[in-house]
Protein chains: 2
Amino acid sequence: MSRYAVGVDFGTESGRAVLVDVADGRELAVAVHPYRNGVIDERLPSPDDDVRLEPDWALQDPADYVRTLRATVPRLLAEAGVDPGDVIGIGIDATACTMLPTLADGTPLCALDRFRRNPHAWVKLWKHHAAQPEADRINAVARERGEPWLERYGGKISSEWFFPKALQILDEAPEVYRAADRLIEAADWIVWQLTDRETRNNCTAGYKALWSRRDGFPDESYFAALHPDFRRVVDEKMSRGVVLIGRRAGRLCARAAAWTGLREGTAVAVANVDAHVSVPAATVTEPGTMVVIMGTSNCHLVLGERPVPVEGMCGVVEDGVVPGRFGFEAGQSGVGDIFAWFAEHAVPPGYHEAARRRGVSVHEVLEAEAAGLRPGQSGLLALDWWNGNRSVLVDADLAGLLVGPTLATRAPEVYRALIEATAFGTRVIIDAFEAKGVRVDGIVACGGLPEANRLLVQVYADVTGREFRLAASRQTPALGSAMHAAVAAGTEAGGYDSIVEASRHMAHLRDRAYRPVPAHHAVYDELYREYLRLHDLFGRGGMDVMKRLRRLRLQALGDPSRGVPPVLANRRPPGTPLDRR
Amino acid sequence: MSRYAVGVDFGTESGRAVLVDVADGRELAVAVHPYRNGVIDERLPSPDDDVRLEPDWALQDPADYVRTLRATVPRLLAEAGVDPGDVIGIGIDATACTMLPTLADGTPLCALDRFRRNPHAWVKLWKHHAAQPEADRINAVARERGEPWLERYGGKISSEWFFPKALQILDEAPEVYRAADRLIEAADWIVWQLTDRETRNNCTAGYKALWSRRDGFPDESYFAALHPDFRRVVDEKMSRGVVLIGRRAGRLCARAAAWTGLREGTAVAVANVDAHVSVPAATVTEPGTMVVIMGTSNCHLVLGERPVPVEGMCGVVEDGVVPGRFGFEAGQSGVGDIFAWFAEHAVPPGYHEAARRRGVSVHEVLEAEAAGLRPGQSGLLALDWWNGNRSVLVDADLAGLLVGPTLATRAPEVYRALIEATAFGTRVIIDAFEAKGVRVDGIVACGGLPEANRLLVQVYADVTGREFRLAASRQTPALGSAMHAAVAAGTEAGGYDSIVEASRHMAHLRDRAYRPVPAHHAVYDELYREYLRLHDLFGRGGMDVMKRLRRLRLQALGDPSRGVPPVLANRRPPGTPLDRR
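Because the structure is predicted, anything quoted here is derived from the model rather than measured.

1. Some remarks on empty space enclosed by the protein
- In total, this model carries 10 cavities of 30 Å³ or more according to the counting rule given.
- Size it by volume and the largest cavity reaches roughly 270 Å³.
- Around the largest cavity, the lining comprises 20 residues; the ones closest to its centre are A346 and L402 of chain A together with W341, A346 and L402 of chain B.
- Broken down by secondary-structure element, the contributors of at least two residues to the lining of the largest cavity are helix 11 (336-345) and helix 14 (411-435) of chain A together with helix 11 (336-345) and helix 14 (411-435) of chain B.

Structure follows, in structure tokens:
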């Protein structure tokens, strides 16, 4: 008798759910639900539509998560023709840190009339960057006090994380902070809705909220040094009861059973983060193989035996990805979005027309042309910092650089140079890991980008000198969540007793291997040396022109004060988007 | 009774002629003649059309010069309704060094059946860059021998000049070299056709052929060191009889009178170079005011009292522009062609559509948007080396650089950054002149670019901190040639006895002055410091990435040998122009 599991991945613009066969991970049905309110970054979706957001804000509506559950899961069951009684578990993952304030019963504050018009009552999406001043304070105070946990996060935490966002609420909307009985990750909040029981997963706690299994959260004295009213944030607004991923969070409550069409009592897995949950879904449960989730940005995850400090990594968390291992995370803050920027803002009409004629995207036209070039042929080299640099420099104030254009330079050459630049950025990260003894022998890529762009994967293989494989699933996060659901259900229900076992049965790779071409790798070795020289010169203070340009830019925009990340500060520069106004 | 003069400017793609009133320079008629064979850079215009040129070649057909005279001058007379008897002189200028081999009677070798299919028999246009190996040899041997004239040319001569082109003929087509009784500048050849008498003007001799009034040409021993058969190039193929500009070359011969409709015996001025002849036509005959001819490239001319060595200038020639003064020349090898490259290859469809809708060029759309930005607002800074760097670095192997792009960067911001970069490049040149005591108090701009782009001129004023004026004429070279014609005719014929006098009466400025805005100048001072840091780092050897990229590029293209300038080496990179193939 077949057993099934459901995984739901709550992304930035939409949620996607899969129903898979527990025996082999076969995907029987997929359902996607675009959020009604999408990313809220201009005005709140209030009836009057009159609350405008500052330029660096990014919110979500928690009602969209519930709507996603109600829209997708019943559809999966219907499409697959599966009896809900054969679905042994449901698991979910979400972006992180994506967090919200709620009442003690889980009601989001933004659902209350009195807070509906207050932006701080809504879900702060991962890419909400308005808490930079708070992140600066958190980093400065931690450095002053020599906080031991700082090393686990490469020496610096991001404005995207939990405490900067929480502290911004306290700083800017103390009434919201006071009214919030809980501050919680969206992923945990969704599991709460499914189980009627609050849990906190160790993946977001570890990677985004400074928690570790050995040391717990930072001391109260540290939080008090940030703000007197922040001293007891953990005990008043959060919970020290952190549950490991792979465990069962609880069982499906009656209300959620009605939403989803699943049986009440179905096992519900502890929540997970989209990137991290992809690792076992990409077949990786042991050290030695890096998983790169390639999309608008790149996320690099690799398992290790020891919690060594790696330059500029986002974090290392024990049991954060796979139990018994240290999960290392690093990232590149701009990848697919740089290619998208290029395609939209720097490619002349001819290529767009060619794309229209052939019925393909302009990316495909550029890729086909770029694939005909040999390494080194463009004469171009770029620094892939259009959206700042996450790893290893951890510096959002950096910006892009292109060297080498001539009057003969054509768009596909720049396109390829941008692809190469992101590959060099990944190689810097691999080198940083290996310098500390964290092995990266091979790489598995997943995410939307490698699906669509074979040249990209080959360039990455050629640049890094490592074989690339692609995860078989096009829905790795949702598959990973379904795998965790099978583990939450356990062997007694027809599932698995560990994510390692689940991965062995349910996760697969595609057949094609992208092996480095030795002649290309040799040229890229030379180009990589040049990349490193530029990287270190512009990124480590030798030539600080990017920072000075940023300062002049902020002065020109009349906004010299807050340390707003450039991406957001420039989101709508006056006088530019012309035909998009 | 009114007196008139005709000036004809032989450009790259066409010739343009003006008929002006000698009293006040008023232009009564203008006629333009596009060359039938244009720039010959793919295949020779032979009947079989089967002689292909190497990628870095650029030729012209001397028959096009004669066709221009025949097409334009009669049209001027007809349109203006002027009696040929009232035309007191004709003067011409051309691009330089643009040179050709001829028989002793002036017949171009390419007009002979036996040489028609030999590319070396045709006119080598100024932008013919295939003589780079010869230029390298000329520079190396000059440095080894400590040739004293090298200092007059900023320490390095260009592949565009006379002796590299002549030596290339000897190297690659000794039969053409042997058959050539004369090697001559196109401008002098045209005057020869007009007067039936060979003359050599001191402007091209001085700026392009290493001649000076005090020292003449380099020694024979130097030429012999380049190639044994080159020893007597001056005496065998050229002439030591160099005539100063402003003099009369001769009088119109019967054949040329028939071509032009002018009277036989009309005064013909000594030939001139398009840029240099523009100086008095832009009202400048004294030190202190720089003339910038702004077009696809920028040419900077300023007069001085002494022949001081200025870093990276193209040359200093006594009497080269105005008698009694030292004329200094510097240049930027890419300006308008960088903007054109950008508009064609890096601007998305929206701006092109807007241009179409409004019935203007995409440059106008970009300029309007860019004009709305404040200095520093784009956060961008560029090095304007898309076509290498002429002054002050004299390095064709340099390439472009853009620092600062983010995901919020839009095309008009890059467009403005490119304009600013060329303005910074001009400021470097001004600084180099002033460092040696050659004053640049104010600037007069002429050429196609400032006509079309007010933002450009204002940015130049703001960046340099100097007032810019525009020459009144839209045909400054042709006007300058007409002025020289009036001088060649002399006061006795109703003309002038010096170019200073002619300039005082015939040249004018527009009323509008572009004054630097102090607040903008202050921001540009800061940006200029950053520009200089990048300029010196990438241009003076500290960071030689551009050269390494170029080497890798040539390797990838399978052409590691000849020192071909990158522009030309990349002219048709395989797999790029897509919709333009």
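2. Section: unusual backbone geometry
- A cis amide bond links S391 of chain A with the next residue in sequence, V392 of chain A, at an omega value of 5°.
- Relative to the elements of secondary structure, V392 of chain A occurs in the loop between strand 18 (381-383) and strand 19 (401-403).
- The backbone of D319 of chain A shows a phi angle near 60°, a positive value even though the residue is not glycine.
- On the basis of relative accessible area, D319 of chain A is assigned to the buried category, the value being 4%.
- Residues other than glycine seldom take positive phi values, yet D196 of chain B does so here, at roughly 65°.
- Positionally, D196 of chain B belongs in the loop between helix 5 (186-195) and strand 9 (200-201).
- Taking the relative accessible area as the measure of exposure, D196 of chain B reaches 55% and is therefore exposed.

3. Examining the side chain of R466 of chain B
Residue and element names in this part refer to chain B.
- With respect to the helices and strands, R466 occurs in the loop between helix 16 (454-464) and strand 21 (468-471).
- The class of R466 is buried, set by a relative accessible area of 14%.
- A polar atom in the side chain of R466 sits 2.6 Å from the backbone oxygen of V440.
- Non-local contacts of R466, meaning those with residues more than four positions away in its chain, are made with I430, E434, V440, D441, I443, A461, Y514 and P516.

4. Let's talk about the pairing of strand 17 (residues 326-332) of chain B
Residue and element names in this part refer to chain B.
- Across the 7 residues that make up strand 17, a large majority, 7, are buried.
- Burial along strand 17 is two-sided: the face carrying F326, F328, A330 and Q332 and the face carrying G327, E329 and G331 are both buried.
- Relative to strand 17, strand 15 (residues 298-304) is paired through 7 bridges, and the arrangement is antiparallel. Counterpart to N298 in the pairing with strand 17 is Q332.
- As paired strands, strand 16 (residues 315-318) and strand 17 are joined by 4 bridges and run antiparallel to one another. Looking across to strand 17, one finds that E318 is bridged to F326.

5. As for the sheet that holds strand 18 (residues 381-383) of chain B
- Across the sheet, which stays open at both edges, the 4 strands sit in the order 18(A)-19(A)-19(B)-18(B) with antiparallel pairing between neighbours. One side of each edge strand has no neighbouring strand; the edge strands of this open sheet are strand 18 of chain A together with strand 18 of chain B. Across this sheet, the average inter-strand angle for adjacent strands is 10°, counted without regard to direction.
- Pairing analysis gives 3 bridges linking strand 18 of chain B to strand 19 (residues 401-403) of chain B, with the strands arranged antiparallel. Across the sheet, L383 of chain B pairs through a bridge with L401 of chain B, a residue of strand 19 of chain B.
- Lying over the sheet, helix 19 (residues 518-539) of chain B contacts strand 19 of chain A together with strand 18 and strand 19 of chain B, oriented at roughly 35° with respect to strand 18 of chain B.
- Relative to strand 19 of chain A, helix 20 (residues 545-556) of chain B is tilted by about 60°, and along the sheet it contacts strand 18 and strand 19 of chain A together with strand 18 and strand 19 of chain B.

6. Overview of the interface of chain B and chain A
- Listed per partner, the contact involves 75 residues of chain B and 76 residues of chain A.
- Where chain B touches chain A, the interface holds 8 salt bridges.
- For the salt bridge of R551 of chain B with E526 of chain A, the shortest nitrogen-to-oxygen distance reads 3.3 Å.
- Elements represented by at least two residues in the side of chain B that touches chain A include exactly helix 11, helix 12 (349-358), helix 13 (362-371), strand 19, helix 14, helix 19, helix 20 and helix 21 (566-569) of chain B.
- One ladder, built from 3 bridges, connects strand 19 of chain A with strand 19 of chain B; its direction is antiparallel. Counterpart to L401 of chain A in the pairing with strand 19 of chain B is V403 of chain B.

7. Brief notes about the relation of the copies chain B and chain A
- Mapping chain B onto chain A calls for a rotation angle of 180° and an axial translation of 0.1 Å; the resulting RMSD is 0.1 Å. Such a combination of turn and shift is consistent with a two-fold rotation axis.
- Take the interface residues of chain B: 100% of them recur as interface residues in chain A, which is what a same-surface contact looks like.

8. Examining the sheet that holds strand 16 (residues 315-318) of chain A
Residues and elements named next belong to chain A.
- Strands sit in the order 16-17-15-14-20-21-22 across an open sheet of 7 strands; the sheet is mixed. The sheet terminates laterally at strand 16 and strand 22 (509-514), the two strands that pair on one side only. Pairs of neighbouring strands in the sheet enclose a mean axial angle of 25°, with direction left out of account.
- Summarising the sheet, strand 14 (residues 288-294) and strand 20 (residues 440-446) pair through 6 bridges and their orientation is parallel. Opposite V292, over in strand 20, you have A445 as the bridge partner.
- The strands touched by helix 10 (residues 274-281) are strand 14, strand 15 (298-304), strand 17 (326-332) and strand 20; relative to strand 15, the strand with the most contacts, the crossing angle is about 55°.
- Together, strand 14, strand 15, strand 17 and strand 20 form the strand contacts of helix 14, whose direction differs from that of strand 17 by roughly 150°.

9. Quick notes on the pairing of strand 3 (residues 27-34) of chain A
All names here are of chain A.
- The sheet contact formed by strand 2 (residues 14-21) and strand 3 spans 7 bridges and is antiparallel. Counted as the bridge partner of V20 is E27 from strand 3.
- The loop that links strand 2 with its antiparallel partner strand 3 comprises 5 residues; one of these, G25, has a positive phi angle of about 80°.

10. Considering the packing of helix 11 of chain A against helix 13 (residues 362-371) of chain A
All names here are of chain A.
- Direction vectors running N to C along helix 11 and helix 13 enclose 100°, while the axes themselves pass 10 Å from each other. If you check the angle between helix 11 and helix 13, you find them roughly perpendicular. Contact residues: F339, A340, F342 and A343 in helix 11; V362, H363 and L366 in helix 13.
- Per-class residue counts for the contact of helix 11 with helix 13 are 6 nonpolar, 1 polar and no charged.

Criteria and cut-off values
- Residues numbered from 1 in each chain as written.
- Chains lettered and ligands numbered in written order.
- Predicted model: local features only at pLDDT ≥ 70, side-chain atom pairs only at ≥ 80, totals over all residues.
- Heavy atoms only, no water.
- 1 Å grid on protein atoms, 1.4 Å probe; cavity = no way out; pocket = protein on both sides within 12 Å on 5 of 7 lines; lining within 4 Å.
- Points joined across faces, edges and corners; volume = space filled by probe spheres on them.
- Helix = DSSP H or I, 4+ residues; strand = E, 2+ residues; numbered from the N terminus.
- Buried < 20%, exposed > 50% of the residue type's maximum accessible area, 1.4 Å probe, protein only.
- Polar contact = N/O pair within 3.5 Å; in protein donor to acceptor, adjacent residues only side chain to side chain.
- Contact = heavy atoms within 4.5 Å.
- Pairing = 2+ DSSP bridges.
- Axes fitted to C-alpha atoms, helices over the stretch in contact; angles between N-to-C directions.
- Salt bridge = Lys/Arg side-chain N within 4 Å of Asp/Glu carboxyl O.
- Least-squares fit on C-alpha atoms with pLDDT ≥ 70 in both.
- Parallel < 35°, antiparallel > 145°, perpendicular 65-115°, else oblique.
- Nonpolar A, V, L, I, M, F, W, Y, C, P; charged D, E, K, R; others polar.

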